[in-house]
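Single-letter residue listing:
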Amino acid sequence: MLATRPRFAFTDVDHTLLRISTLQHFAKYFFEGTGRAEVLAMHQKRMQRLAETGADRETLNRSYYLLWADIPVREVEDNARTWHDRVRTEGLYREPLVRRLGELRAQGVETVLVSGSFRACLRPIEIELGCAGVLCTELEERDGVYTGAVRKSLIGAAKRAEVEAFAARYPEHDLAGDFGFGDHLSDVPVLETVGHPAVVPVDPALERVAAARGWEVLRDDH
């Protein structure tokens, strides 16, 4: 009997699966909750100045992770679990998308998270949804502590390359059978790679692309 070829639902996280930016929401939870509020405040000012200079998304993403320099990985992981409990109880998941992913899973379509966020932050979400994989920004660690450096950034076009590399692990896999969910114009490279793209209507520019290409728009019932 031939094994069924796997199919995947490549799912963006920030503002697509969740109504929030995990990077901002978790940072506030962690740094204020662990008595490091001043560190966060200084970081926010630095990021604002950088944004005002017109820095691109990848530069901003790499600069964001300087915030985690000298923070123990285990402490971050422990706090991420309790933070996720708050995310769930505060209704920050987009339930129509959660239901869709559940329906797809019943049909043999496995969820793969695709995010510019980092693994410690995404791990509780991965467990919650029983994901088949997480494609994300990878941080440098030394002796169990974050250095603030990024080993691999997953922003923009890099997401498409990572999705294609993930699919290539499976012989004769056809992305035309896969699903994709995104909320921002920067998600187009991934969405146009899969056979079943769908858009969470957050970014009007992406909605226009969806209308022009006949992509599904997944309305929120919140």
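Residues numbered from 1 in each chain as written. Predicted model: local features only at pLDDT ≥ 70, side-chain atom pairs only at ≥ 80, totals over all residues. Heavy atoms only, no water.

- Naming follows an unreviewed UniProt entry, where the chain appears as HAD-superfamily subfamily IB hydrolase, TIGR01490 of Nocardia amikacinitolerans.
- Listed under Sequence similarities (unreviewed entry) in UniProt, the entry text for the chain is "Belongs to the HAD-like hydrolase superfamily. SerB family." (UniProt positions renumbered as here; feature names shortened; annotations may be inferred.)

1. Focus: empty space enclosed by the protein
Point 1. According to the stated counting rule, one finds two cavities of 30 Å³ or more in the structure shown.
Point 2. The calculated volume of the largest cavity comes to roughly 40 Å³.
Point 3. In terms of lining, the largest cavity is formed by F10, T11, D12, V114, F181, D187, V190 and L191.
Point 4. Of all elements in the fold, only strand 1 (7–12) and helix 8 (188–191) reach the threshold of two or more residues within the lining of the largest cavity.
Point 5. Sorting elements by how many residues they give to the lining of the largest cavity places strand 1 first, with three residues.
Point 6. Of the volumes computed, that of the second largest cavity is approximately 30 Å³.
Point 7. Lining the second largest cavity we find T16, R94, P96, L97, V200, L218, R219 and D220.
Point 8. Considered class by class, the residues forming the lining of the second largest cavity number four nonpolar, one polar and three charged. (1 Å grid on protein atoms, 1.4 Å probe; cavity = no way out; pocket = protein on both sides within 12 Å on 5 of 7 lines; lining within 4 Å. Points joined across faces, edges and corners; volume = space filled by probe spheres on them. Helix = DSSP H or I, 4+ residues; strand = E, 2+ residues; numbered from the N terminus. Nonpolar A, V, L, I, M, F, W, Y, C, P; charged D, E, K, R; others polar.)

2. Focus: the nonpolar core
Point 1. Counting 48 residues, the largest nonpolar core has L17, F26, W68, V76, F118, I125 and F181 as the members making the most contacts within it.
Point 2. Ranked by size, the runner-up nonpolar core spans twelve residues in total, among them V112, L154, V163 and V194. (Core = buried A, V, L, I, M, F, W, Y, C linked by side-chain atoms within 4.5 Å. Buried < 20%, exposed > 50% of the residue type's maximum accessible area, 1.4 Å probe, protein only.)

3. Some details on the sheet that holds strand 2 (residues 109–118)
Point 1. Overall, mixed pairing links the seven strands, which are arranged 4-3-2-1-5-6-7 in an open sheet. The open sheet has two edge strands with one neighbour each: strand 4 (145–152) and strand 7 (216–217).
Point 2. Sheet topology places strand 2 next to strand 3 (residues 133–142); four bridges connect them, and they run parallel. Bridged to F118 within strand 3 is T137.
Point 3. The sheet strands contacting helix 6 (residues 119–129) are strand 2, strand 3 and strand 4, and the helix crosses strand 2 at an angle near 155°.
Point 4. Sheet strands in contact with helix 7 (residues 157–167) are strand 1, strand 2, strand 3 and strand 4, and its direction is about 145° off that of strand 2. (Pairing = 2+ DSSP bridges. Contact = heavy atoms within 4.5 Å. Axes fitted to C-alpha atoms, helices over the stretch in contact; angles between N-to-C directions.)

4. Brief notes about the side chain of H43
Point 1. One can find H43 in helix 2 (residues 37–52).
Point 2. Other than its neighbours up to four places away in sequence, H43 contacts S63, Y64 and L67.

5. Considerations on the layout of surface pockets
Point 1. Approximately 630 Å³ is the volume found for the largest pocket.
Point 2. Lining the largest pocket are 27 residues, with D14, S21, L23, Q24 and N61 positioned closest to its centre.
Point 3. Looking at the lining of the largest pocket, the elements that each hand over two or more residues are helix 1 (22–33), helix 2, helix 3 (57–64) and strand 2.
Point 4. Its residues assigned to classes, the lining of the largest pocket shows ten nonpolar, eleven polar and six charged.

6. A closer look at the pattern of salt bridges
A side chain of one charge can pair with a side chain of the opposite charge if their charged atoms are brought near each other.
Point 1. Inspection of the entire model under this criterion finds 21 salt bridges.
Point 2. Here D12 makes a salt bridge to K159, at a shortest N to O gap of 3.1 Å. Separated by 147 residues along the polypeptide, D12 in strand 1 and K159 in helix 7 bring together distant segments of the chain. Both residues of the pair, D12 and K159, belong to the buried class.
Point 3. Across the pair R86 and E90 runs a salt bridge, and its minimum N-O distance is 3.9 Å.
Point 4. A cluster of three or more residues bridged by salt bridges with shared partners is formed by R160, E164, E192 and R213. (Salt bridge = Lys/Arg side-chain N within 4 Å of Asp/Glu carboxyl O.)

7. Comments concerning the packing of aromatic side chains
Geometrically, a pair of aromatic rings is defined through the distance of the ring centres and the angle of the planes.
Point 1. Overall, the coordinates contain 16 aromatic pairs when judged by the stated rule.
Point 2. With a centroid separation of 5.6 Å and an interplanar angle of 80°, the aromatic rings of Y65 and F118 are classed as edge-to-face. Here F118 lies in strand 2 and Y65 lies in the loop between helix 3 and helix 4 (73–89), a separation of 53 residues in the sequence. One exposure class covers both Y65 and F118, and it is buried.
Point 3. Aromatic rings pair up to connect F26, F30, F31, Y64, Y65, W68, W83, F118 and Y146 into one cluster.
Point 4. The ring of Y93 carries R88 above its face, with NZ or CZ at 4.1 Å from the centroid. (Phe/Tyr/Trp six-rings, centres within 6.5 Å; stacked < 30°, edge-to-face > 60°. Lys NZ or Arg CZ within 6 Å of the ring centre and 35° of its normal.)

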